[in-house]
Amino acid sequence: MTLTEELRGLLPLRPAPVLTRPADALTARRLAESLGDGDPRLPRRTFSDLLVFRLDGAERTAVVKHPRSRRAAASLAHECDAVRRLGQDDRLGPWRQLLPVVEEDRPDGPLPLVVESCLPGVGADAYLRHAPRQACRVAESALAAISALHRATGRTEDVTHRTAGWVEPRLDVLAREVRWCRTGEGARALAAVRGLLESELAGRRLLVGWTHGDFHPGNLLLTADRGTPSGVIDWAGAVPDGPALLDCHTFVLTLRHQLTGREFGAVVADVLRRARLRPADRRLLAGVRAVQPGPGAETAAALLTWLWHVAGNLEKSQRYARSHRWVADNVVAVLAEVPAPGGVPGVSGARPRPRGRTP
């Protein structure tokens, strides 16, 4: 690893807004002018290499998304396809009101962009920062909302034949993007993840259907007055045949991450060490019957949720793999707790340090 790569790995995931704001404002203005109507408001960069802003015009209020990398462009194209397919799915009925509408899609040219309808409400993450005591109520309404999507589009089936498709591509992403995962302790840890998930999912009957793939408080909109769901955004990770438990566990685990200030990887590692969810999280998930009860079920569900989460982030942006801190806290910390064959906790027995080992 070069000195430049080493130093880049120490930088924060998102550049300081004070450094990027002038360039982002200029790009947003150019994008708005290309659309011919409206003023750009609150341009911001996301962790997934998108420039996002609200467009306030005489005829409409919309959200504009501009990909800043090839990965972001591919992710945005997938999101548009998923939103369009869901919007045309009659099984959803009134639930489609929670979906954004793709109003314009310009994938080519020097300034590619997507224009989506602007859904009402405030992000649940922001809402809970001001009203943390409402966390349980918000979680219950969020899980009820996403479960309605699962029930409308899914069916319960034996998922043995689906395990490879759910697990292998995402393990490949970790091995490709994170150098530590390719050899030695990292490779053994990925093999242990594969073995545990294959073993625990074999013969299980789970609800399979349209899955958001990244259903956390930041992607849920709430009405400002009552705090009830008013929209679900950012469908870049959506699939039509995913495990419904994924969305439910993602929301509950990321909610704990937000409320405690701990890294998402630390929250999942805690589940693996305890071999069970915390009681409050179990009660929330029991309300939507996210997974059949049984030995190892909670560990497997948390591990599958983690795998989709980190692989999704790594695919969306190279920033994640470059960040030593993110890899250590959200990849290595979890893999160090995965039971090795024979049930011994922790593949390596001690938390390894990936410093200088990521791409």
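First, a word on what this report is: a plain description of the structure on this page. In this text, all values refer to a predicted model and were calculated from it rather than measured experimentally.

**A word on the overall build of the protein chain**
Broken down by element type, the protein chain carries 13 helices and eleven strands. Counting across all 359 residues of the protein chain, residues that qualify as buried make up 50%. Excluding contacts between residues fewer than 6 apart, the proportion of contacts in the protein chain whose partners are at least 24 apart in sequence is 68%. Split by element, the accessible area of the protein chain, about 16600 Å² in all, is 52% carbon and sulfur.

**Brief notes about the side chain of H249**
One can find H249 in helix α8 (residues 244-260). When its relative accessible area of 0% is taken as the criterion, H249 is described as buried. Contact partners of H249, with chain neighbours within four places excluded, come to L277, L285, A290, V291, A301, A302 and T305.

**A look at the sheet that holds strand β6 (residues 122-123)**
Reading across from one edge, β6-β9-β10 is the order of the three strands in this open sheet, with antiparallel pairing throughout. The sheet is open, and its two edges are formed by β6 and β10 (229-232), each paired on a single side.

**A look at the sheet that holds strand β7 (residues 155-158)**
Pairing in this open sheet of three strands is antiparallel, and the strands run β7-β8-β11 from one edge to the other. In this open sheet, the two edge strands, each paired with only one partner strand, are β7 and β11 (239-243). The sheet shows a mean angle of 40 degrees between the axes of neighbouring strands, taken without regard to direction. Of the pairings in the sheet, the one linking β7 to strand β8 (residues 205-211) comprises four bridges and is antiparallel in character. Its bridge partner being in β8, R155 is matched across the sheet by V208.

**Regarding the pattern of salt bridges**
Two side chains bearing opposite charge may form a pair once their charged atoms approach each other closely. Going through the model one piece at a time under the given rule, you end up with 28 salt bridges. Between K65 and E79 there is a salt bridge whose closest N-O contact spans 2.8 Å. Linking K65 in strand β3 (residues 61-67) with E79 in helix α3 (residues 70-87), this pair joins segments that are 14 residues apart in sequence. With respect to class, K65 is no different from E79; both count as buried. K65 is the partner of D234 in a salt bridge, and the nearest nitrogen-oxygen pair spans 3.0 Å. Of this pair, D234 sits in the loop between β10 and β11 while K65 sits in strand β3, placing them 169 residues apart in sequence. Each of the salt bridges in this network shares a partner with another, and the network as a whole consists of R60, E103, E104 and R106.

**Some words on the nonpolar core**
One recurring pattern in soluble globular proteins: nonpolar side chains tend to sit buried together. L174, W235, W306 and L335 are the most contacted members of the largest nonpolar core, which has 87 residues in total. Ranked by the residues each element gives to this core, the list is headed by helix α11 (residues 297-316), at eleven residues. Excluding residues within four positions of it along the chain, L174 makes contact with C181, L190, W306, L307, V310, A311, L314 and V331. Formed by twelve residues, the second largest nonpolar core is a distinct cluster that contains F53, A62, L111 and L113.

Cut-offs used in this document
Residues numbered from 1 in each chain as written. Predicted model: local features only at pLDDT ≥ 70, side-chain atom pairs only at ≥ 80, totals over all residues. Heavy atoms only, no water. Helix = DSSP H or I, 4+ residues; strand = E, 2+ residues; numbered from the N terminus. Buried < 20%, exposed > 50% of the residue type's maximum accessible area, 1.4 Å probe, protein only. Contact = heavy atoms within 4.5 Å. Areas by Shrake-Rupley, 256 points an atom, 1.4 Å probe, with all protein chains shown as cover. Pairing = 2+ DSSP bridges. Axes fitted to C-alpha atoms, helices over the stretch in contact; angles between N-to-C directions. Salt bridge = Lys/Arg side-chain N within 4 Å of Asp/Glu carboxyl O. Core = buried A, V, L, I, M, F, W, Y, C linked by side-chain atoms within 4.5 Å.

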